[in-house]
Amino acid sequence: MSLFGFFSRQRTAPVARERLKFLLAHERALDGRSDLAAILQEEILAVIAKHITVDRDKVHVKLDRGSSVSTLEIDIEMPGAPDLKGG
Amino acid sequence: MAKVLVVTSGKGGVGKTTTSAALGAALAQLGQNVVVVDFDVGLRNLDLIMGAERRVVYDLVNVVQGDAKLAQALIRDKRVESLSLLPASQTRDKDALTPEGVERVVGELREKFDWIVCDSPAGIERGATLAMRHADIAVVVTNPEVSSVRDSDRIIGLLDSKTARAEAGDKIEKHLLLTRYDAGRAARGEMLKVDDVLEILAIPLLGIIPDSEEVLRASNLGCPVTLHNPASAPARAYADAARRLMGETIEIVVPIERKGLMSRLFGRSVA
């Protein structure tokens, strides 16, 4: 096995964690179960869509709950030149 | 008052039957009157894990359909006096269990036992929904692996919507039991950590059962792991989980099984 293979084999769990968090936020929303990240995603998307044309898939909302600090991460990928509506 | 506990998971092969047998036996050893009920009609296995496969005469379907009395179908464990088994039937008829029949049998069991441990079949079909139907408490068995976590999330949704308690506006008590956990692999980032699964599923943790050779050894012999080798890591983890179900506060530790040098080397080389 190459050295690269040895290292790339490590730490696949964080990928699993992120995939699950993203997937379940959507599946819960489809199920009609309240999920804060999914609700925020929809509402933030609606607000942005009033002013800028963005792709649904380019808006990511991530909620991390920790024991002392929780973080809300909002990642919006904008098109090259923002197509501002009505400025 | 009697408590109905469902052991469920959505995904198959994660350790529901092992858990039903181990928790049932551990609760009985704490002096509780316990019955473990196999709801996996057509694919019964709890009898085999409990070592009672040659003693099955009547089963859950016979009792539900009124062909046998409950007392005729119950099998008393030979090792722990206060432990009984109600086996499933091997019939292929998917509709053998009726909601009304199950409700009546669970009602009768509530009068005889302190704990009714319902071993759910995999999936989200009739058998699984009937197993959880009358539960007061649910133990969601999950492996630290993506498909198991996803299916557990789905089952948690069903527990909150399809159970008698949920329909009556009551809450069902839900607990996560993480099984087949390998602390070493989790530390190396090769397996989801306890905290990852807890954060995603957001239900309280009942216990962590280490991945262990003892579980297979106990099933080979038809003995709940908690009775077969009480000193082993999985048996201790199950016994602690049973005490937590009884209301005791016991710190949850990440179990580490002591391995010999050879099994360490061998275990690593095939991992």
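See the structure shown above.
Just so you know, the residues in each chain are numbered from 1, in the order the chain's sequence is written. Labels follow written order: the first chain is A, the first ligand is 1, and so on. Residues qualify for local features only when their pLDDT is at least 70, as the model is predicted, and side-chain atom pairs are given and counted only at 80 or more; totals for whole chains, interfaces and linings, by contrast, use all residues. By convention in this description, side-chain values take in all heavy atoms of the structure and omit both hydrogens and water.

**Q** Just to check I follow, could you spell out the packing of helix α7 (residues 146–159) of chain B against helix α10 (residues 194–201) of chain B for this structure?
**A** When two helices pack together, their arrangement is given by the angle between their axes and by how far apart the axes lie. All names here are of chain B. To define axes, lines are fitted to C-alpha atoms, for helices over the stretch in contact only, and angles between the resulting N-to-C directions are given on a 0 to 180 degree scale. Counting from the N terminus, the helices are the DSSP runs of H or I reaching at least four residues and the strands are the DSSP runs of E reaching at least two. Put simply, α7 and α10 touch, their axes get as near as 10 Å, and they point 35° apart. The handedness of the crossing between α7 and α10 is right-handed. Residues Val-149, Ser-152, Asp-153 and Ile-156 of α7 form the contact with α10, whose own contacting residues are Val-197, Ile-200 and Leu-201. In this scheme the handedness of a crossing depends on how the near helix is turned from the far one: anticlockwise by less than a right angle means left-handed, clockwise means right-handed. A contact between two residues is defined here by any heavy atoms of the two lying within 4.5 Å.

**Q** Explain the sheet that holds strand β1 (residues 3–8) of chain B here, please?
**A** The strands making up a sheet associate through hydrogen bonds between their backbones, and the pairing can be parallel or antiparallel. All names here are of chain B. With mixed pairing, the eight strands of this open sheet are ordered in space as β3-β4-β2-β5-β1-β6-β7-β8. Two strands close off the open sheet at either side, each with one partner strand: β3 (75–76) and β8 (205–210). Bridging between strand β2 (residues 34–38) and strand β4 (residues 83–86) involves four bridges; their strand directions are parallel. Bridge assignment links Val-36 to a residue of β4, and that residue is Leu-85. Across the sheet, α7 touches β1, β6 (137–142) and β7 (173–181), and the angle it forms with β6 is around 165°. In this analysis, strands are considered paired if DSSP registers two or more bridges between them.

**Q** It is not clear to me how the pairing of strand β5 (residues 115–119) of chain B should be interpreted in this structure. Could you clarify?
**A** Here is the key point about a regular strand: its side chains alternate between the two faces of the sheet. Residue and element names in this part refer to chain B. Of all the five residues making up β5, five are buried; the element is thus mostly covered by neighbouring parts of the structure. Across the two faces of β5 the burial is the same, with Trp-115, Val-117 and Asp-119 and Ile-116 and Cys-118 all buried. Note: β1 against β5, five bridges, orientation parallel. Within β5, the position partnered with Val-4 by the bridge is Ile-116. The pairing of β2 with β5 spans five bridges and is parallel. Opposite Asp-38, over in β5, you have Asp-119 as the bridge partner. Burial here depends on accessible area, computed with a 1.4 Å probe over protein chains only, as a share of the maximum for the residue type. Under 20% is buried, over 50% is exposed, and the range in between is partly exposed.

**Q** How should the interface of chain B and chain A be read in this particular structure?
**A** Frequently, the measure chosen for interface size is the accessible area that the parts lose on association. Opposite the 18 residues of chain B that make contact, chain A presents 19 residues. A combined buried area of about 1600 Å² lies between chain B and chain A, and 48% of that area is made up of carbon and sulfur atoms. When two components associate, each loses some accessible surface as probed by a 1.4 Å sphere; the sum of these losses over both components is called the buried area. In terms of surface lost to chain A, no three residues of chain B exceed B:Arg150, B:Glu199 and B:Ile200, which account for 35% of the buried area on that side. Salt bridge, as used here, is a side-chain nitrogen of Lys or Arg placed within 4 Å of a carboxyl oxygen of Asp or Glu. At the boundary of chain B with chain A, the tally comes to five salt bridges. One salt bridge in this structure joins A:Arg17 and B:Asp196, with 3.0 Å as the shortest N-O distance. By the criterion applied in these results, polar contacts are pairs of N or O atoms within 3.5 Å in which, for protein atoms, one can donate a hydrogen and the other can accept it, and in which residues neighboring in sequence qualify only through two side-chain atoms. Inspection of the region where chain B meets chain A yields nine residue pairs in polar contact (both at pLDDT 80 or more).

**Q** Help me understand helix α1 (residues 16–29) of chain B, please; the structure alone is not making it clear to me.
**A** Given 3.6 residues per helical turn, the α-helix brings residues three or four places apart onto the same face. Residues and elements named next belong to chain B. The span one expects for a helix is its residue count, reduced by one, times 1.5 Å. Compared with an ideal rise of 1.5 Å per residue, which puts 14 residues at 20 Å, α1 spans 20 Å between its outermost C-alpha atoms and is within 8% of the ideal. Here α1 lies mainly inside the structure; 11 of its 14 residues are buried. Three or more residues of α1 are buried, namely Lys-16, Thr-19, Ser-20, Ala-21, Ala-22, Leu-23, Gly-24, Ala-25, Ala-26, Leu-27 and Ala-28. Gly-31 sits one or two residues past α1 and shows a positive phi near 95°.

**Q** It is not clear to me how the packing of helix α2 (residues 13–30) of chain A against α10(B) should be interpreted in this structure. Could you clarify?
**A** Where α2(A) meets α10(B), the closest approach of the two axes is 10 Å, and the angle between their N-to-C directions is 15°. It follows from the interaxial angle that α2(A) and α10(B) lie roughly parallel. The crossing of α2(A) and α10(B) is right-handed. In this structure, α2(A) uses A:Arg17, A:Leu20, A:Lys21, A:Leu24 and A:Arg28 to contact α10(B), whose residues at the interface are B:Asp196, B:Glu199, B:Ile200 and B:Leu201. Under the scheme applied, nonpolar residues are Ala, Val, Leu, Ile, Met, Phe, Trp, Tyr, Cys and Pro; charged residues are Asp, Glu, Lys and Arg; polar residues are all the others, including Gly. A breakdown of the residues in the contact of α2(A) with α10(B) according to their chemical character gives four nonpolar, no polar and five charged. Throughout, the term roughly parallel applies to angles under 35 degrees, roughly antiparallel to angles over 145, roughly perpendicular to angles from 65 to 115, and oblique to all others.

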